[in-house]
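# A closer look at the structure
Listed below, chain by chain, are the residues.
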Amino acid sequence: MKRERVAIIGSGPAGLTAALYTARAQLSTVVFVGKLLGGQISTTHEVENFPGFPNGTTGPELVENMKQQAEKFGAKFVFESVTEVDFTKGSPFLLKTDNGDEYLADTVLVTIGANPRELNIPGERTFVGRGVSYCATCDGFFFRGKDITVVGGGDSALQEALFLTKFGKTVNIIHRRDDLRASIALQVRAKANPKISFTYSTIIEDIKGEANGGGPAIVKSITLKDVKTGQIYEKPTDGVFIFVGYDPNSWLFKDQLALSGDQYMKIDSNMQTSIEGVFAAGEIHDSVFRQAITAAGDGCKAALSAIKWLGEREDKLQPLDTVAVAGD
Ligand code: NAP
């Protein structure tokens, strides 16, 4: 079993910033990367609002720079997902990964973020990867010269729709209300783009596909419902990109840490969860701001609290190299 002072679950801007701070404070730090280094931001093509980049940057570049900066101070990156935690006995906490490895950590920072929300309509799951996508950066290239549908009326939908105009012949944004939620700046840009059109007060009821030559079926049309008139009609499309918000990845902790009604993690003003020594940062607790920079700020705060918490119990901490760990 491996032993660390700090275990960080998740590698988005919150986790990477926390790793920089705890590693730089000379605390042995391991980051469990999860399925995708950087999380959601690494699927964002253009990042224009992270301070320090006057010409903008890309999600993958930002993530790589943050990782390198944390590594420079000794943070270790483990490309595995944490599948089990035991917070019930207090610090040190036990973590298990999908590789079967076990770790003991004196403090844990949960920065595991949120996942794209699904529409839960017929055809959605069937056509994922064959016309249905939740990531424009990952899949936009496959829709060169095609007619693309984007679902949602928030910042993500408009920002990704703008990105998709680089590839698609047309991009139609379908929003369930007649009033967009997105920022005015993005609305202005999207409305000025000749490739983008809007269909308001409309929901998708069904995604349909047809066989692609000898290959598997791919998306060909969607069934739409005008929620004001009740009219139902079919519309041809080659791809459906869904950006209707995100759900926190809190399922791993649901029996051990206090969660809000909508499953976000509850924390105090020091970023501490309901268990002493376990801290949280980023979209796992934040359903409001959800920016890379707010997640990074959160990660910093959680790390400083963890450093202080460890400092206060320094006399009780066992040296990492001499500690006897059951199972070793
Ligand atoms: P969001 O702001 O929650 O917007 C989700 C959109 O999807 C809303 O328009 C919502 O409609 C719609 N929606 C939700 N469930 C739906 C369903 N079942 N069927 C159809 N439509 C549905 O989510 P987001 O756009 O992902 O943004 C999340 C946060 O990240 C926000 O705080 C945003 O400001 C931030 N963000 C910022 C940037 C940026 O600064 N450039 C970029 C991306 C995201 P209603 O409006 O009717 O609720």
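Turning next to the site of the ligand. Close to the ligand lie 20 residues, the nearest being D155, S156, Q159, R177 and R181. One nitrogen or oxygen atom from the side chain of S156 is found 2.6 Å from an oxygen atom belonging to the ligand. The separation between a nitrogen atom of the ligand and a polar side-chain atom of Q159 is 3.0 Å. Here the ligand loses 77% of its free accessible area of 910 Å² to cover by the protein chains. Among the elements that line the shell around the ligand, the one with the most residues is helix α4 (residues 155-164), at three residues. For the shell around the ligand, a count of residues per class yields six nonpolar, nine polar and five charged. Each of domain 1 (2-115 + 246-316) and domain 2 (118-242) accounts for three or more of the residues forming the shell around the ligand.

Looking now at the confidence of the model for the chain. Detailed conclusions should not be drawn from predicted coordinates in areas where pLDDT is low. Across the chain, the average pLDDT comes to 94, with 98% of residues at or above 70. Scored below 50 in pLDDT, residues 322-328 makes seven contacts in the model with residues more than four places away or belonging to other chains.

In terms of nonpolar packing, the biggest core is built from 34 residues, with I8, F50, F77 and L109 touching the most fellow members. Taken together, the elements giving at least two residues each to this core come down to β1 (2-9), α1 (13-24), α2 (59-72) and α6 (292-312). Here the element with the most residues in this core is α6; it accounts for eight residues. F93, V108, L252 and I275 belong to the second largest nonpolar core, which has 23 residues in total.

With that settled, the discussion passes to the domain arrangement of the chain. Where interface size is quoted, it is often the accessible area lost as the parts come together. Each assigned domain of the chain is listed here: domain 1 (2-115 + 246-316) and domain 2 (118-242). The gap between the C-alpha centroids of domain 1 and domain 2 is 32 Å. Taken residue by residue, the interface counts six residues in domain 1 and nine residues in domain 2. Where domain 1 abuts domain 2, roughly 580 Å² becomes buried across the two surfaces, and 45% of that area is made up of carbon and sulfur atoms.

Conventions we followed
Residues numbered from 1 in each chain as written. Predicted model: local features only at pLDDT ≥ 70, side-chain atom pairs only at ≥ 80, totals over all residues. Heavy atoms only, no water. Near = heavy atom within 4 Å. Polar contact = N/O pair within 3.5 Å; in protein donor to acceptor, adjacent residues only side chain to side chain. Areas by Shrake-Rupley, 256 points an atom, 1.4 Å probe, with all protein chains shown as cover. Helix = DSSP H or I, 4+ residues; strand = E, 2+ residues; numbered from the N terminus. Nonpolar A, V, L, I, M, F, W, Y, C, P; charged D, E, K, R; others polar. Domains from an automatic or database assignment. pLDDT = per-residue confidence, 0-100. Contact = heavy atoms within 4.5 Å. Core = buried A, V, L, I, M, F, W, Y, C linked by side-chain atoms within 4.5 Å. Buried < 20%, exposed > 50% of the residue type's maximum accessible area, 1.4 Å probe, protein only. Buried area = accessible area lost by both parts, 1.4 Å probe.

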